[in-house]
Amino acid sequence: MMINRRTFSTALLAGAAASLISTRGMAAMAQPAKARNVVLAHGLFADGSCWTEVIGRLQAAGFNATAVQNPLTTLPEAVASVQKVLDRQDGPTVLVGHSFSGMLVTEAGVHPRVSALVYVAARAPDAGEDYTALAKTYPTPPASAGIVFDGDEGRLSEEAFLRDFAGDLPEAKAKVLYAVQQPFHKALLTGKTTQAAWRSKPSWYAVSTEDRTINPDLERFMAKRMGAKTIELKSSHLSLISHPDEITQMIIEAAGGR
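Nothing here was measured: the structure is a model prediction, and the numbers come from that model.

1. A short note on the sheet that holds strand β7 (residues 184-185)
Okay, so step 1: A sheet is described by the order of its strands in space; here 3 strands give the open sequence β5-β6-β7, paired in antiparallel fashion. Of all strands in the sheet, those bounded by a partner on one side alone are β5 (147-150) and β7.
Okay, so step 2: Of the pairings in the sheet, the one linking β5 to strand β6 (residues 153-156) comprises 4 bridges and is antiparallel in character. Residue pairing in the sheet places D150 in a bridge with E153 of β6.

See the structure below:
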């Protein structure tokens, strides 16, 4: 059978694309190195204390867990805060990010001590990708309307925090979390990642099916694109607090355990 140049070129491009997807999936699902260290990064509307429930469980399982205090100023400064903590680890480390800090996992995850990546209802952009433009291809989640600004600093209103951010938590618990919410700088949202660690590191993703802060279908798209091992939890955006057992187990799996 004769193959013309156009047909050959199309087949060649299709084969290259399939090879890229296959390679990416193999990297994402490769068996991770055994790790005893876990570094956890928080996103917007929170601070490091949001990981308390998971940290206690990891420590009980024998892990060395450290929560990063993300400055929420600019993307480079936030990434640097993660890199400093990674530099202090003494061996293979699982890097975990919630919400906005998926940007930090994606960028800082290329660090040589990082053995695996875990995304919890998190952003997972490609290198150089405009995440805001990507998010706009899906229906806008309700929490976006609850962001209020004081000059260059943004935060969630109490109503939006309780309903759209922490909707499946007891109100008293959600109010405590609201009280420690850290404001973010507008400049933080303009940054773009220059790396995509999920292209070369084993990756896991926890989708929150009741999420009102990041569209659940966007979460599914990002998880599928990176070839991550994915779980779905009937949870608000704060699955790390409402479902700490499942999130902890996923991190332990990423650390090479069961």
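Having seen the model, we can carry on.
2. Points about the pairing of strand β4 (residues 114-120)
Okay, so step 1: Burial analysis of β4 places 7 of its 7 residues in the buried class, the great majority of the element.
Okay, so step 2: With 6 bridges connecting them, strand β3 (residues 93-98) and β4 associate as parallel partners. Bridge pairing in β4 places V96 opposite V118.
Okay, so step 3: Read from β3 through helix α4 (residues 102-108) to β4, the crossover connection turns out right-handed.
Okay, so step 4: Bridge count for β4 against strand β8 (residues 203-208) is 4 bridges, and the pairing is parallel. Counted as the bridge partner of V118 is W204 from β8.

3. Considering the confidence of the model for the chain
Note: predicted coordinates in regions of low pLDDT should not be interpreted at a detailed level.
Okay, so step 1: Averaged over all residues, the pLDDT of the chain is 91; the fraction at 70 or higher stands at 88%.
Okay, so step 2: Across residues 1-23, where pLDDT falls below 50, the model places 2 contacts with residues more than four positions away in sequence or in other chains.

4. Some points on the sheet that holds strand β2 (residues 64-68)
Okay, so step 1: What the 6 strands build is an open sheet, ordered β2-β1-β3-β4-β8-β9; its pairing is parallel. The sheet is open, and its two borders are formed by β2 and β9 (229-233), each paired with just one other strand. Strand-to-strand twist in this sheet, taken as the mean axis angle between neighbours without regard to direction, amounts to 15 degrees.
Okay, so step 2: On the sheet, helix α8 (residues 216-226) packs against β4, β8 and β9 and is oriented at approximately 165 degrees with respect to β8.

5. What about the side chain of T193?
Okay, so step 1: Within the secondary structure layout, T193 lies in the loop between β7 and β8.
Okay, so step 2: One polar contact links the side chain of T193 to the main-chain carbonyl oxygen of D126, over a distance of 3.1 Å.
Okay, so step 3: Not counting residues within four places of it along the chain, the set of residues in contact with T193 comprises L75, M103, T106, E107, P125, D126, A127 and G128.

6. Focus on the environment of S239
Okay, so step 1: Tracing the backbone shows S239 in helix α9 (residues 239-242).
Okay, so step 2: Counting along the chain gives 70 residues from S239 to L169, while the straight-line C-alpha distance between them is 9.4 Å.

Thresholds, definitions, all that
- Residues numbered from 1 in each chain as written.
- Predicted model: local features only at pLDDT ≥ 70, side-chain atom pairs only at ≥ 80, totals over all residues.
- Heavy atoms only, no water.
- Pairing = 2+ DSSP bridges.
- Helix = DSSP H or I, 4+ residues; strand = E, 2+ residues; numbered from the N terminus.
- Buried < 20%, exposed > 50% of the residue type's maximum accessible area, 1.4 Å probe, protein only.
- Right-handed = clockwise from strand over helix to strand, strands pointing away.
- pLDDT = per-residue confidence, 0-100.
- Contact = heavy atoms within 4.5 Å.
- Axes fitted to C-alpha atoms, helices over the stretch in contact; angles between N-to-C directions.
- Polar contact = N/O pair within 3.5 Å; in protein donor to acceptor, adjacent residues only side chain to side chain.

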